[in-house]
Amino acid sequence: MIAVINYGAGNLPNAVRALEYVQAPIEVVTDPAAVLAADAVVLPGVGATADTMRSLREMGMDSAIRAVIARGTPFLGICVGMQVLAEQSEEFGLHECLGLVPGTIRRFDQGLKVPQIGWNSVQHDGSALWEGIPNGAEFYFVHSYYLATNDAALVAGRTEYGLTFPAAIARDNITAVQFHPEKSGQWGLKLLGNWVELARGRALGIRDRD
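Because the structure is predicted, anything quoted here is derived from the model rather than measured.

This part takes up the overall build of the protein. The helix and strand tally for the protein stands at six helices and 14 strands. The C-alpha radius of gyration computed for the protein amounts to 16 Å, which stays within 12% of the reference 17 Å derived for 210 residues, consistent with globular compactness. C-alpha extents for the protein along the principal axes are approximately 50 × 40 × 30 Å. Every one of the 210 residues in the protein was classed for burial, and the buried ones make up 53%. Sequence separation of 24 or more characterises 68% of the internal contacts of the protein that already satisfy a separation of 6 or more. On the protein, roughly 9,100 Å² of surface is accessible, and the fraction owed to carbon and sulfur atoms is 48%.

What follows is the structure in structure tokens.
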């Protein structure tokens, strides 16, 4: 079962529909115990990192997310679900995030139109996550902040918007995207389908080890 965390994020229904479209065996959950029992986990999100972190802490989801990632459970973060993986965020004052990937969430330069809303191309690393997706394919973005990281090996996809920023990250069992695959048409659905297949394979490996 793939647990989709419900902490009140506005894009939850769209994310659920997209995952159901690619035949993911999902369950929308609000209980940390269900996250701990899941074969894979999805954290969707819109809004501010501070609000998201507050909600996750109040629900006990922050500890559950750290635990499943430490255990090797496949994890997908979407938009703010990617940003909260960072060490800290500058949005509405500097604050700690989950600290699972190196970097800081920073605001785009004031000279840009912010938020970035709309389609933008992604240059990807050609890994299995992107199978069948052309390099430079366009995905749908809605955000004012981005992940600033010095860890180039973490970045699985890059996009230009005043500067080059990580559109996708991947390391071990962690995958996360700044764009909204559930709003990105055929390539977004293809990416979700690819992740579901990768998650199935990794989850089977974990169960075999257990």
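With that out of the way, let us pick up the sheet that holds strand S14 (residues 174-177). Sheet strands pair via backbone hydrogen bonds, and the direction of the pair is either parallel or antiparallel. Strand order in the open sheet formed by eight strands is S2-S1-S3-S4-S14-S13-S12-S9, and the pairing between neighbours is mixed. At either margin of the open sheet sits one strand with a lone partner, and together these are strand S2 (26-29) and strand S9 (123-124). Relative to S14, strand S4 (residues 75-78) runs parallel, the two being bridged by four bridges. Paired with Leu 76 across the strands is Thr 175, a residue of S14. Sitting on the sheet, helix H1 (residues 12-21) touches strand S1 (2-5), S2 and strand S3 (40-43), and the angle it makes with S2 is about 165°.

Our focus in this paragraph is the sheet that holds strand S6 (residues 95-96). Spatial strand order, S6-S5-S7-S11: four strands in an open sheet with mixed pairing. Edge positions in the sheet fall to S6 and strand S11 (145-148), since each has one partner strand and no second. Here strand S7 (residues 104-107) runs beside S11; their pairing, made up of four bridges, is antiparallel. Across the sheet, Arg 107 pairs through a bridge with Tyr 145, a residue of S11.

To continue, consider the environment of Leu 191. Among the structural elements, Leu 191 can be located in helix H6 (residues 185-209). For the pair Leu 191 and Gly 157, spaced 34 residues apart in the sequence, the C-alpha separation amounts to 12 Å.

Leu 85, Trp 130, Phe 179 and Trp 195 are the most contacted members of the largest nonpolar core, which totals 68 residues. Residue contacts for Phe 179: discarding those within four places in its chain leaves Ile 78, Cys 79, Val 122, Trp 130, Phe 139, Tyr 140, Phe 141, Ala 167, Ser 184 and Leu 191.

Residues annotated by UniProt as "active site" (unreviewed entry) correspond here to Cys 79, His 180 and Glu 182. Despite a sequence span of 104 residues, these residues sit close together in the fold, their greatest C-alpha distance being 10.8 Å. Relative to the helices and strands, Cys 79 resides in the loop between S4 and helix H5 (80-83). In this structure Cys 79 comes out as buried when scored by relative accessible area, which is 2%. Discounting chain neighbours no more than four positions away, the residues touching Cys 79 are Gly 45, Val 142, Val 177, Gln 178, Phe 179 and His 180.

Conventions adopted
- Residues numbered from 1 in each chain as written.
- Predicted model: local features only at pLDDT ≥ 70, side-chain atom pairs only at ≥ 80, totals over all residues.
- Heavy atoms only, no water.
- Helix = DSSP H or I, 4+ residues; strand = E, 2+ residues; numbered from the N terminus.
- Rg over C-alpha atoms; globule rule 2.2 N^0.38 Å.
- Buried < 20%, exposed > 50% of the residue type's maximum accessible area, 1.4 Å probe, protein only.
- Contact = heavy atoms within 4.5 Å.
- Areas by Shrake-Rupley, 256 points an atom, 1.4 Å probe, with all protein chains shown as cover.
- Pairing = 2+ DSSP bridges.
- Axes fitted to C-alpha atoms, helices over the stretch in contact; angles between N-to-C directions.
- Core = buried A, V, L, I, M, F, W, Y, C linked by side-chain atoms within 4.5 Å.
- UniProt positions renumbered as here; feature names shortened; annotations may be inferred.

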